[in-house]
Amino acid sequence: LTFGFSTALMNGHVNATYASVELGLGSVAVLGAVTSGIAAVVAFTLSRLPGSFGKAPLITFGAFSLFSIPFCMLVLHCCNSWGRSLVVLYIFQGMGRAVFESTNRAVFADFFRSAQVESAFANASVQVNFAFALSFFLQTVLTEYWLSIIVASLAISTPLCYVGASALRGGWQRHKQNDDFHA
């Protein structure tokens, strides 16, 4: 959900309200390319980290990256007169996208058995697209403040939910093994 809301915030609100006004309409495509380029570089870099590093720090890194966007908007009072410095928001979005496109998908593969993986990936896509659409709809009735609060809240909850799901999954697997043992 975090990535979907953040992407819609950037594509709908930041592009229209700040990037196109501060830098011109043509800058929106360039900034989108910056996001994609950063995502590719960061995903490649993350893929080189040792497997023993674990996914929790990577999920936290991605969530922190996406959290940084509303932080800039709420605390640093972005974005009027930021000019070219707006690129920072697109760099954060790219870093968050890298984790979403790589580590997040790997987490889904880890959490679901092989027969369920395809359905899990479809479910993940539905969730992100739902969040994306909902964020766009909410942009018509909510202020920048509330949109930023939603993205920040989701970003904070992301690593917490991952840790909680991992703990539940570990407990379920131990329970399943005990059932298999006693059967």
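Scroll up to find the structure this text is about.
In this report, the structure presented in the accompanying data block is examined. (Residues numbered from 1 in each chain as written. Predicted model: local features only at pLDDT ≥ 70, side-chain atom pairs only at ≥ 80, totals over all residues. Heavy atoms only, no water.)

Section: the overall build of the protein chain
Stage number 1. Broken down by element type, the protein chain carries six helices and zero strands.
Stage number 2. What you see in the protein chain, going N to C, is helices and strands ordered as α-α-α-α-α-α.
Stage number 3. On the principal axes, the C-alpha backbone points of the protein chain span a range of 65 × 35 × 30 Å.
Stage number 4. Within the protein chain, contacts between residues at least 6 apart in sequence are counted, and of these 81% link residues at least 24 apart.
Stage number 5. Split by element, the accessible area of the protein chain, about 10100 Å² in all, is 67% carbon and sulfur.
Stage number 6. Each charge class in the protein chain can be summarised by its mean position, and for the 9 positive and 7 negative side chains these summaries are 7 Å apart. (Helix = DSSP H or I, 4+ residues; strand = E, 2+ residues; numbered from the N terminus. Contact = heavy atoms within 4.5 Å. Areas by Shrake-Rupley, 256 points an atom, 1.4 Å probe, with all protein chains shown as cover. Lys, Arg positive; Asp, Glu negative; His and termini not counted. Charge placed at Lys NZ, Arg CZ, Asp CG, Glu CD.)

Let's talk about the layout of surface pockets
Stage number 1. Looking at the largest pocket, its volume works out to about 620 Å³.
Stage number 2. If you go around the largest pocket, you meet 25 residues; those closest to its centre are Leu 1, Thr 2, Asn 104, Phe 108 and Thr 158.
Stage number 3. Elements with a minimum of two residues in the lining of the largest pocket: helix H1 (2–23), helix H3 (56–74), helix H4 (87–111), helix H5 (114–138) and helix H6 (144–182).
Stage number 4. The element that contributes the greatest number of residues to the lining of the largest pocket is H4, accounting for seven residues.
Stage number 5. Here the lining of the largest pocket is built from residues that sort into 17 nonpolar, eight polar and no charged. (1 Å grid on protein atoms, 1.4 Å probe; cavity = no way out; pocket = protein on both sides within 12 Å on 5 of 7 lines; lining within 4 Å. Points joined across faces, edges and corners; volume = space filled by probe spheres on them. Nonpolar A, V, L, I, M, F, W, Y, C, P; charged D, E, K, R; others polar.)

Let's talk about the packing of H1 against H5
Stage number 1. Packing of H1 against H5 leaves a shortest axis separation of 7 Å and a crossing angle of 40°. Our classification of the angle between H1 and H5 gives oblique. The chirality of how H1 crosses H5 is right-handed. Judged by residue contacts, Phe 3, Gly 4, Phe 5, Thr 7, Ala 8, Leu 9, Asn 11 and Gly 12 of H1 engage Val 128, Ala 131, Phe 132, Leu 134, Ser 135, Phe 136 and Leu 138 from H5.
Stage number 2. For the contact of H1 with H5, the residue count by class is ten nonpolar, five polar and no charged. (Axes fitted to C-alpha atoms, helices over the stretch in contact; angles between N-to-C directions. Parallel < 35°, antiparallel > 145°, perpendicular 65-115°, else oblique. Left-handed = near helix turned anticlockwise from the far one by under 90°.)

Some points on H4
Stage number 1. Between its first and last C-alpha atoms H4 spans 35 Å; for 25 residues at 1.5 Å apiece the expected length is 36 Å, and the two agree.
Stage number 2. A bend of about 35° at Phe 100 is the largest found in H4. (Expected span 1.5 Å × (residues − 1). Bend = angle between axes of the 7 residues up to and from the residue.)

Describing the environment of Phe 53
Stage number 1. With respect to the secondary-structure elements, Phe 53 resides in the loop between helix H2 (27–47) and H3.
Stage number 2. For the pair Phe 53 and Ser 68, spaced 15 residues apart in sequence, the C-alpha separation works out to 23 Å.

Description of the pattern of salt bridges
Stage number 1. Applying the stated criterion across every chain, the model contains two salt bridges.
Stage number 2. Note that Lys 55 is salt-bridged to Asp 110, the shortest N-O span being 2.6 Å. With a gap of 55 residues between them, Lys 55 in the loop between H2 and H3 and Asp 110 in helix H4 connect regions that are remote in the sequence.
Stage number 3. Two residues, Glu 101 and Arg 97, come together in a salt bridge whose shortest N-O distance is 4.0 Å. With a gap of four residues between them, Glu 101 and Arg 97 both fall in helix H4, about one helical turn apart. (Salt bridge = Lys/Arg side-chain N within 4 Å of Asp/Glu carboxyl O.)

Section: the packing of aromatic side chains
Each aromatic ring pair is summarised here by two numbers: the centre-to-centre distance and the angle between the ring planes.
Stage number 1. Counted by the stated rule, this structure contains five aromatic pairs.
Stage number 2. Geometrically, the ring pair formed by Phe 67 and Phe 71 is tilted, given 6.2 Å between the ring centres and 35° between the ring planes. Residue Phe 67 and its partner Phe 71 are both found in helix H3; the two are separated by four residues, about one turn of the helix.
Stage number 3. A ring pair is formed by Tyr 145 and Trp 146, whose centres lie 4.9 Å apart and whose planes are at 85°; its orientation type is edge-to-face.
Stage number 4. Its relative accessible area of 45% is what places Tyr 145 among the partly exposed residues.
Stage number 5. Given the relative accessible area of 46%, Trp 146 is considered partly exposed. (Phe/Tyr/Trp six-rings, centres within 6.5 Å; stacked < 30°, edge-to-face > 60°. Buried < 20%, exposed > 50% of the residue type's maximum accessible area, 1.4 Å probe, protein only.)

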